[in-house]
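Residue strings, one per chain:
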Amino acid sequence: MVAVTQLSTTRRWVMLALGVFAQAASAVMSNGAPFLLPALTERGMPLATAGLLVAMPMVGMVCTLIAWGYAVDRFGERTVLIVGPLLMFGAGVAAAATTNYLVLGGLLLLAGIGAASTNGASGRVIAGWFPPDQRGLAMGIRQTAQPIGVGIAALAIPAIAAAQGFSTAILVPALMAAAAVIGCAIGIIDPPRPERTATQVNSDNPYRSDTTLWRIHAVSVLLVIPQATVWTFALLWLNHAVGLALAAAGVLVTVTQILGAAGRIGAGIWSDRLGSRLRPLRTIAIAAVISMAALGFSAWLHWWWAALPILVIASVITVADNGLSFTAVAEIAGPFWSGRGLGIQNTGQYLATATVAPVFGALITAWGFPAAYLAAATCAIAAVPLVPRDRRRP
């Protein structure tokens, strides 16, 4: 990855802000769709059908992350950050206008495909323009886009759907996507890349030279399981097992989300100061083991005085690795492969996250919440020895 110093500091941070906004718009579409369930069921739609419809954006996203990564590598970041959100906008507007549920499902799928574009492209812009000693901080800020998007969706979509109906609510991410198209068209500049022939580009495949990237992907998949376990079941556990009222439990979960976003930024700053992404990643993996095991044992012993603060700590620790692994993949994959590398990274994490609710839900049903937390700790244990050793950073 070529370090670029000719661009002004202000312009770098403007592009970071545009990348965060575009990624947040994608998160509103993909993660916010489930907030449309009440509006759809009030139309008389069966819950199973409504559930399938709101899953379509995420399906579209997961299926096309690697393809968008290839497009980033082939056509550049700016093009992808214009075309993808434009597709999301068009599909969202069309979805708001249709009354045919089959067409609606197809349009939501297309919207998810468009939303997938921002994952690798926004990450590549940051990796390409920010110098190594600021890249961790910048990528940590970029990683806050998802909780920001989910927060916007949680606040806006149910309220708008209740007051104005489904068609107006689906326009929220669509209009955000339109704003992202305009902003990225004006403000994004493709990071420069070294001149390479087609033969050289193909021979630079970092997945053939060694196992470093594969190991980082595996670590990220294993570490996303504790994260998804905490995020998926924390509210239920606090209400059913601990006995907190739903309102109080919701406040606590919201606080953990905010602290988790801050933790991603802190981990990025830490990696910049150390000059390493992988050493902090290994430390965070070990901390995830300890925090999830402590949460499991405190829940098993009904030590709520300990379990509640441990839950907060675990919520921060289990998300802190995201920016580090994302940055490491972008740096190691290089300018001709980082788009695909980031696509593979996100695809693996999304697929692992999707398995948590059914698999760990069954585990909780059979053995209780402590067993689920301890199983998540076991996944983190498996991740620790897989973290690669440092290599020279570009």
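By the naming in an unreviewed UniProt entry, the protein goes by Putative MFS-type transporter and is assigned to Nocardia macrotermitis.

Quick look at the pattern of salt bridges now. Across all of its chains, the model carries five salt bridges by this definition. Glu-331 serves as the salt-bridge partner of Arg-277, at 2.9 Å between the closest nitrogen and oxygen. Remark: Glu-331 occurs in helix α17 (residues 321-333) and Arg-277 occurs in the loop between α14 (246-274) and α15 (278-300); sequence separation between them is 54 residues. Using a relative accessible area of 3% as the deciding quantity, one classes Arg-277 as buried. You can call Glu-331 buried: its relative accessible area is 5%. Here the salt bridges do not stand alone but share partners, grouping Arg-135, Asp-272, Arg-277 and Glu-331 into one network.

Turning our attention to the side chain of His-217. By secondary structure assignment, the location of His-217 is in helix α13 (residues 212-242). A relative accessible area of 7% places His-217 in the buried class. Within the structure, the side chain of His-217 is placed 2.7 Å from the side chain of Gln-345, a separation counted as a polar contact. Setting aside chain neighbours within four positions, we find His-217 in contact with Tyr-207, Val-329, Gly-341, Ile-344 and Gln-345.

Right, let's get into the nonpolar core. Counting residues in each nonpolar core, the largest one holds 67 residues, and the members touching the most others are Leu-223, Trp-237, Leu-238, Met-292 and Leu-311. Considering each element in turn, this core owes the most residues, 14 residues, to α13. Each of domain 1 (9-190) and domain 2 (211-386) gives at least three residues to this core. The contact partners of Met-292, leaving out residues within four places of it in the chain, are Pro-226, Val-230, Ala-314, Thr-318, Tyr-373, Ala-376 and Ala-377.

Turning to the domain arrangement of the protein, a few remarks are in order. Domain annotation of the protein identifies domain 1 (9-190) and domain 2 (211-386). Here domain 1 packs against domain 2, burying approximately 2,300 Å² in sum over the two surfaces, 65% of which is carbon and sulfur. Viewed at the interface, domain 2 and domain 1 are joined by two salt bridges. At the junction of domain 1 with domain 2, the criterion picks out eight residue pairs in polar contact (both at pLDDT 80 or more). Only α3 (47-75), α6 (117-129) and α7 (132-142) provide two or more residues apiece to the side of domain 1 that touches domain 2. When residues of the side of domain 1 that touches domain 2 are assigned to their parent elements, the largest contribution, 10 residues, is made by α7.

Cut-offs used in this document
Residues numbered from 1 in each chain as written. Predicted model: local features only at pLDDT ≥ 70, side-chain atom pairs only at ≥ 80, totals over all residues. Heavy atoms only, no water. Salt bridge = Lys/Arg side-chain N within 4 Å of Asp/Glu carboxyl O. Helix = DSSP H or I, 4+ residues; strand = E, 2+ residues; numbered from the N terminus. Buried < 20%, exposed > 50% of the residue type's maximum accessible area, 1.4 Å probe, protein only. Polar contact = N/O pair within 3.5 Å; in protein donor to acceptor, adjacent residues only side chain to side chain. Contact = heavy atoms within 4.5 Å. Core = buried A, V, L, I, M, F, W, Y, C linked by side-chain atoms within 4.5 Å. Domains from an automatic or database assignment. Buried area = accessible area lost by both parts, 1.4 Å probe.

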